[in-house]
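Each chain is listed here by its residues.
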Amino acid sequence: MADPRFRRILIKLSGEALQGDQGYGISPPVLESIAEQIHEVTELGVEVAIVIGGGNIFRGVRASAQGMDRASADYMGMLATCINSMALQDALEAQGLPTRVQTALEIKEIAEPYIRRRAIRHLEKGRVVIFGAGTGNPYFTTDTAASLRAMEMHCQAILKATKVDGVYDSDPASNPDAKRFETLEHSEVLQQQLNVMDSTAIAMCRDNQMPIIVFNLYEKGNIRRAVLGEKVGTLVGTL
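Residues numbered from 1 in each chain as written. Predicted model: local features only at pLDDT ≥ 70, side-chain atom pairs only at ≥ 80, totals over all residues. Heavy atoms only, no water.

> Describe the overall build of the protein chain, listing the residues and the values that go with them.
Along the backbone of the protein chain there are 8 helices and 11 strands. Here the C-alpha radius of gyration of the protein chain, 17 Å, is about what a compact globule of 239 residues would show, namely 18 Å. Dimensions of the protein chain along its principal axes, counting C-alpha atoms only, are 55 × 50 × 35 Å. Counting over 239 residues, the protein chain shows a buried share of 54%. For the protein chain, the share of sequence-separated contacts (at least 6 apart) that also reach a separation of at least 24 residues comes to 72%. Put simply, the protein chain shows about 11200 Å² of open surface, and 47% of that area lies on carbon and sulfur atoms. Side chains of the protein chain carry 25 positive and 29 negative charges; the gap between the two charge centres is 6 Å. (Helix = DSSP H or I, 4+ residues; strand = E, 2+ residues; numbered from the N terminus. Rg over C-alpha atoms; globule rule 2.2 N^0.38 Å. Buried < 20%, exposed > 50% of the residue type's maximum accessible area, 1.4 Å probe, protein only. Contact = heavy atoms within 4.5 Å. Areas by Shrake-Rupley, 256 points an atom, 1.4 Å probe, with all protein chains shown as cover. Lys, Arg positive; Asp, Glu negative; His and termini not counted. Charge placed at Lys NZ, Arg CZ, Asp CG, Glu CD.)

> I'd like a rundown of the nonpolar core, residues and numbers included.
In terms of nonpolar packing, the biggest core is built from 38 residues, with Ile38, Ile50 and Leu159 touching the most fellow members. Going through the elements one at a time, strand 1 (8-13), helix 1 (28-42), strand 2 (47-52), helix 3 (70-94), strand 5 (128-132), strand 6 (157-162), strand 10 (212-216) and helix 8 (222-227) are the ones with two or more residues in this core. Top contributing element to this core by residue count: helix 1, with 6 residues. Counting residues in each nonpolar core, the second largest holds 30 residues, with Leu10, Leu184, Ala201 and Ile212 among its members. (Core = buried A, V, L, I, M, F, W, Y, C linked by side-chain atoms within 4.5 Å.)

> A description of the state of the cysteines should follow, citing residues and the corresponding values.
Covalent bonding between the sulfur atoms of two cysteines is what defines a disulfide. The final tally for this structure, using the stated rule, is 0 disulfides. The thiol sulfur of cysteine 155 is not disulfide-bonded, and the nearest other cysteine sulfur, from cysteine 205, lies at 11 Å. (Disulfide = S-S within 2.5 Å.)

> Requested: an account of the pairing of strand 3 (residues 99-103), with residues and values cited.
Among the 5 residues of strand 3, 4 are classified as buried, and the element is accordingly described as predominantly covered. Relative to strand 5, strand 3 runs parallel, the two sharing 5 bridges. Bridge assignment links threonine 103 to a residue of strand 5, and that residue is glycine 132. Here 2 bridges tie strand 3 to strand 4 (residues 112-113), and the two strands are oriented parallel to one another. The partner of threonine 103 across the bridge, within strand 4, is proline 113. (Pairing = 2+ DSSP bridges.)

> Describe the pattern of salt bridges, and please don't skip the residues or the numbers.
With the rule as written, the count across this model stands at 13 salt bridges. Between aspartate 143 and lysine 12 there is a salt bridge, with the nearest N and O atoms lying 3.5 Å from each other. With aspartate 143 in helix 5 (residues 142-152) and lysine 12 in strand 1, this pair connects stretches of sequence that are 131 residues apart. For the salt bridge of arginine 225 with glutamate 219, the shortest nitrogen-to-oxygen distance reads 3.9 Å. Relative accessible area serves as the criterion here: at 28%, arginine 225 is assigned to the partly exposed category. Via salt bridges that share partners, Lys12, Asp143 and Lys160 belong to a single interconnected network. (Salt bridge = Lys/Arg side-chain N within 4 Å of Asp/Glu carboxyl O.)

> Talk me through unusual backbone geometry; I want residue IDs and the actual numbers.
Unlike most non-glycine residues, tyrosine 139 shows phi in positive territory, near 75°. When you line up the elements, tyrosine 139 lands in the loop between strand 5 and helix 5. Of note, glutamine 209 is a non-glycine position whose phi angle comes to about 50°, a positive value. Tracing the backbone shows glutamine 209 in the loop between helix 7 (199-207) and strand 10.

Next comes the structure, spelled out in structure tokens:
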């Protein structure tokens, strides 16, 4: 069996990653594919935590821009992440993986409340832990929640799963000459305002020397490659 480069990771999934080509909601085939990739990683003995967004269902920032109270809109977005967390939990358990969902908002009927020591114990027992509801506070993104949970869980890296194969200097969808970076420092991401994670999340990772690997989720096997230390996507920081 291959020896993984990381023993404990946090995977950051955007809500949009779950919708596939349908443009909204949750695509069961995409969900199954993600679960299969995570299963591959756990078979290497890697402990996996996950933070998931809710943009496939509701985006608080967009609703706020249309006149909704920002705090109310953000709380609605947190509830959307809980729906995604439950869907992912179901897909992972269909793969035979033990999982726990912990939420920063207390919803006892569907998930455990977030308790740091309990979450760490779940990871130690080989359970995949999915963190829902972001940080539990409005005005903070799920990117920031991912950075925060990665520090609290003592993860060795954040794996940022996206629709593109790394970080570019401009949008590759609209600019065919966009340049992809193989490596970046956290400070370069902030200075160049590159679209990796929001600035609060990047600054937190910089201050705590947390590497971020940005890669294409839809290329099967990429999570495993990243965990094994193979070159995949863009590395922000140093390993």
